[in-house]
Amino acid sequence: HTFLCFNNNSLSAGDELDSGSDLASDSEVNELGSGSELESDSDVNELDSGSDLASASDSDSDGEDIEKESKALDKKLARQVKDADKETLELNIQESDDFILPTKEELEQEALQPPDLSNLQRRIKEIARVLSNLKALKKNGVSRKDYVDQLKLDLSSYYGYNEFLIELLVEMFKAAELLQLIEAFEKPRPVCIRTNTLKSRRRDLAGVLLNRGVNLDSALTWSKVGLVVYDSQVPIGATPEYMAGHYMLQSASSFLPVMALAPKEKENILDMAAAPGGKTTYIAALMKNTGLIFANEMKKQRLPSLTANISRMGVTNTIVINYDGRELPKVLGINSRDRVLLDAPCSGTGVISKDESVKSSKSLEDLQKIAHLQQQLLLAAIDLVDANSKTGGYIVYSTCSITVMENEAVIDYALKKRHVKLVPCGIEFGEQGFDKFRQYRFNPSLKLTRRFYPHTHNLDGFFVAKLKKISNGKRSPNTDEPSETVEEVVNLNDKEAVNLHDEVVLNDKEDIVEEKNKKRKRDGGPQENGNSSVGVDNGNKKSDDQKSQIIPVVKKQWEKRAKLSREEISQAREEKREAIRRLKAEGVVSEKPERKKSDKTWNKVKKGGKGKKGKKT
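Residues numbered from 1 in each chain as written. Predicted model: local features only at pLDDT ≥ 70, side-chain atom pairs only at ≥ 80, totals over all residues. Heavy atoms only, no water.

S.K.: Explanation requested: the overall build of the chain in the structure shown.
M.R.: When helices and strands are counted, the chain shows 24 helices and 15 strands. Taken across its 617 residues, the chain has 38% of its residues classed as buried. A separation of at least 24 residues holds for 71% of the contacts in the chain among residues at least 6 apart in sequence. Looking at the chain as shown, the accessible area adds up to about 36800 Å², and 51% of this sits on carbon and sulfur atoms. (Helix = DSSP H or I, 4+ residues; strand = E, 2+ residues; numbered from the N terminus. Buried < 20%, exposed > 50% of the residue type's maximum accessible area, 1.4 Å probe, protein only. Contact = heavy atoms within 4.5 Å. Areas by Shrake-Rupley, 256 points an atom, 1.4 Å probe, with all protein chains shown as cover.)

As structure tokens, this is what we get:
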């Protein structure tokens, strides 16, 4: 009986040990059995209790050893990885620090062989790294221009850009950011659709398309109608919902001009370049099919797609017209619209991911022609808007280009030619426009414009500006075309030129005073002093006109003029001296002016005729 009690106590102690140990396995716990089994077979219980105690102690020691070995192994592996990373970093730093630009001979050899893309890519990254910290990393005897020239050459070879476009991009962006931009141009932008609120809601449309196997998300947090499509088991442009006009396939960047325009209900709005109709139908949806929209498209071949989309989307307040945008003020009337949207034709440098031909097809002449057309279209758009509109008076200008010549320069031109001002676009994100670029200085308000880039916003390269018309008048008449003649004026800092000019003017005054004094002497009137101010007689019109054409009087001394070199100033002075000598030689400027044929009194006196009272003199 005592022996059994001892066994029971030992069993209970074994049970406590097994239950408290985390190393005990389920099989060992099952071997202990239930309490009734232990009481029925004491011998088996005694053997089991002894074996369990032994196995528990063995498992504790084995587990501790395994744990220590595992920790030691982990520390050893971590140490090896750390040492390997440190060695790799040192090698990379050593290799980077030893980077040297290739010589002319090496470049000539590379030109004779097939391009080594891996070598080009490595060299582009190395040059970008050096340019990011030029003062510390550049080699002695190597200038920044050398690194930049080599970077242009490598980028053109690796990505396929022409010399003009890659130079333009290098001027606009730093080396590291330029690499990010060019890499982003190599990848397509996400596919987006815009919900047509005239027929559906975004949540309902998303649910229907998800059921059809379209993987999409409302990732555009800044838009209430946009959806991003990641994958689709069906053609996204051929679903029943698309055919019914519930949504429009449209890039996310083209939402921005309409958001900036912010049309109101019952307004009169013009879309100057409407095809294929994405922005026009978006405007109609925001206006809830009220008011009136004129959708203009100059190219006839694009009219079918425009009219088809307008009809499919259920738009009923739009009239499609086909005119050159520059002629619209004559067709629709000046100051007749509340708002105008001009998504101007451009070079397409912001959508290279869609059209890679832009890389090698654009030149400076192309951009100049496009910029001139954009200036004319923008002035026409401003003339169409009514500054006295109660709800509107706004013009939105946008392009899918990132060049300064097509964006900030065009807006700055309009600010000088029309009574308009820039206002915030109403878009919370995007980078500010340039108010200065290289040697150009623009209106400071151009910071209110917005730029969008693929590498920062995951959108197509885009530019948006919003103008408010202040007055319906023009700043100066006939300034739509650039002036082809430059009037030569007297430089007030040029003392010799000023003296020559003053001499001509004084000679004219002295001649007039002398003639008037002689006339007054005959009539017995008082004499006039030559230093007194006299009015200019229009008798000798030809000579006065010639003088005014050659040496016009400068009325505004504070007018800004371009800085001239010393050679140009000397040449201008000599030309003015020759002009004065030529006038004197031709008799246009003389010490004794010719008598006027219209002076009847002088003619009668000379011939001995009758005077004013009919008596002989």
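S.K.: Would you explain the pairing of strand S2 (residues 214-217) in this entry?
M.R.: Consecutive side chains of a regular strand alternate in pointing toward one face of the sheet and then the other. Burial along S2 is one-sided: Val214 and Leu216 are buried, while Asn215 and Asp217, pointing the other way, are not. Pairing between S2 and strand S3 (residues 226-232): 4 bridges, direction antiparallel. Note that in S3 the partner of Leu216 across the bridge is Val229. (Pairing = 2+ DSSP bridges.)

S.K.: Quick question: what am I supposed to make of the side chain of Ser254 here?
M.R.: Among the structural elements, Ser254 can be located in the loop between strand S4 (247-249) and helix H13 (255-261). Taking relative accessible area as the criterion, Ser254 reaches 8% and is therefore assigned buried. At 2.7 Å, the side chain of Ser254 forms a polar contact with the backbone oxygen of Ser251. (Polar contact = N/O pair within 3.5 Å; in protein donor to acceptor, adjacent residues only side chain to side chain.)

S.K.: I would appreciate a short explanation of the environment of Gln432 in the present structure.
M.R.: Residue position: Gln432 is located in strand S11 (residues 431-432). Between the C-alpha atom of Gln432 and that of Arg450, which follows or precedes it by 18 residues, the distance is 5.0 Å.

S.K.: Any chance you could explain unusual backbone geometry here in plain terms?
M.R.: Trans peptide bonds make up most of the peptide bonds, and negative phi angles are found at most residues other than glycine. The amide bond that connects Ala275 to the next residue, Pro276, takes the cis arrangement and shows omega of 5°. Tracing the sequence through the fold places Pro276 in the loop between strand S5 (268-271) and helix H14 (278-286). Positioned with a positive phi, Lys288 is a non-glycine residue whose angle comes to about 55°. Among the secondary structure elements, Lys288 is positioned in the loop between H14 and strand S6 (292-296). Using a relative accessible area of 58% as the deciding quantity, one classes Lys288 as exposed. Look at Arg438: it is not a glycine, yet its phi comes out positive at around 55°. When you line up the elements, Arg438 lands in the loop between strand S12 (436-437) and strand S13 (440-441).

S.K.: Just to check I follow, could you spell out the nonpolar core for this structure?
M.R.: Note on soluble globular proteins: their nonpolar side chains tend to be buried together. Ranked by size, the top nonpolar core spans 66 residues in total, and within it Tyr147, Leu155, Tyr161, Met272, Leu378, Ile411 and Leu467 carry the most contacts. Looking at this core element by element, the count peaks at 8 residues for helix H18 (residues 364-384). Non-local contacts of Leu467, meaning those with residues more than four positions away in its chain, are made with Leu378, Ile382, Gly393, Tyr394, Ile395, Ile411, Leu415, Val420, Lys421 and Leu422. Counting residues in hydrophobic clusters, the runner-up holds 33 residues, among them Val258, Leu303, Ile310 and Met313. (Core = buried A, V, L, I, M, F, W, Y, C linked by side-chain atoms within 4.5 Å.)

S.K.: Sorry if this is basic, but what is going on with the state of the cysteines here?
M.R.: Each disulfide consists of one covalent bond between the sulfur atoms belonging to two cysteines. The tally for this structure, following the rule as stated, stands at 0 disulfides. In this structure Cys346 is not part of a disulfide, and its nearest cysteine sulfur, from Cys400, lies 3.0 Å away. Classification of Cys400 by relative accessible area gives partly exposed; the value is 23%. (Disulfide = S-S within 2.5 Å.)

S.K.: Any chance you could explain the packing of aromatic side chains here in plain terms?
M.R.: Applying the stated criterion to the full structure yields 10 aromatic pairs. Where Tyr158 meets Tyr159, the ring centres are 4.8 Å apart and the plane angle is 75°; that geometry is what we call edge-to-face. Judged by relative accessible area, Tyr159 falls into the buried class, the value being 11%. Linked through ring pairs, Trp222, Phe255, Tyr282, Phe429 and Phe452 together constitute an aromatic cluster. (Phe/Tyr/Trp six-rings, centres within 6.5 Å; stacked < 30°, edge-to-face > 60°.)

S.K.: How should the packing of helix H8 (residues 144-159) against helix H10 (residues 175-185) be read in this particular structure?
M.R.: Axis angle and axis distance: for two packed helices, these are the angle between their axes and the distance between the axes, and together they describe the pair. Following both chains from N to C, one finds H8 and H10 inclined at 10°, their axes separated by 13 Å at the closest point. With respect to their mutual orientation, H8 and H10 come out roughly parallel. Each of Leu151, Leu155 and Tyr159 in H8 lies in contact with H10, whose residues at this interface are Ala175, Leu178, Leu179, Ile182 and Glu183. (Axes fitted to C-alpha atoms, helices over the stretch in contact; angles between N-to-C directions. Parallel < 35°, antiparallel > 145°, perpendicular 65-115°, else oblique.)

S.K.: Hey, could you run me through the packing of helix H6 (residues 117-132) against H8 in this one?
M.R.: Interhelical geometry of H6 versus H8 gives an angle of 145° and a closest axis separation of 9 Å. Considering the relative orientation of H6 and H8, their crossing is left-handed. Between H6 and H8, the residues in contact are Leu117, Leu120, Gln121, Arg123, Ile124, Ile127, Val130 and Leu131 and Arg144, Tyr147, Val148, Gln150, Leu151, Asp154, Leu155, Ser157, Tyr158 and Tyr159, respectively. Within the contact of H6 with H8, the residues separate by chemical class into 12 nonpolar, 3 polar and 3 charged. (Left-handed = near helix turned anticlockwise from the far one by under 90°. Nonpolar A, V, L, I, M, F, W, Y, C, P; charged D, E, K, R; others polar.)

S.K.: Even after reading the chapter, I still don't get the pattern of salt bridges, so can you show me in this structure?
M.R.: Where charged atoms from two side chains of opposite charge approach closely, those side chains can pair. Tallied over the full model, the rule gives 20 salt bridges. A salt bridge links Arg339 to Glu267; the shortest N-O distance between them is 2.7 Å. Remark: Glu267 occurs in the loop between H13 and S5 and Arg339 occurs in strand S8 (residues 339-343); sequence separation between them is 72 residues. Across this residue pair, the class does not change: Arg339 and Glu267 are buried. As a salt-bridge pair, Asp343 and Lys279 come within 2.9 Å of each other at their nearest N and O atoms. Note that Asp343 is positioned in strand S8 and Lys279 in helix H14, a separation of 64 residues in sequence. Relative accessible area serves as the criterion here: at 17%, Asp343 is assigned to the buried category. Note on Lys279: relative accessible area 10%, which makes it buried. (Salt bridge = Lys/Arg side-chain N within 4 Å of Asp/Glu carboxyl O.)

S.K.: What exactly am I supposed to notice about the environment of Tyr159 here?
M.R.: Looking at where Tyr159 falls in the secondary structure, it is placed in helix H8. For the pair Tyr159 and Gln121, spaced 38 residues apart in the sequence, the C-alpha separation amounts to 10.0 Å. Once residues lying within four places of it in the same chain are set aside, the contact partners of Tyr159 are Ile124, Ile182, Glu183, Glu186 and Lys359. Here the side chain of Tyr159 touches Glu183 through a polar contact of 2.3 Å, side chain to side chain.

S.K.: What am I meant to see in the sheet that holds S2 here?
M.R.: The strands that make up a sheet pair up through hydrogen bonds in the backbone, lying either parallel or antiparallel. With antiparallel pairing, 4 strands are arranged side by side in an open sheet as S2-S3-S1-S4. Pairing within the sheet leaves two strands with one partner each, and these edge strands are S2 and S4. Taken over all neighbouring pairs, the strand axes of this sheet differ in orientation by 35° on average, direction set aside. Strands in contact with helix H11 (residues 202-211) are strand S1 (191-195), S2, S3 and S4; relative to S2, the strand with the most contacts, it is inclined by about 150°.

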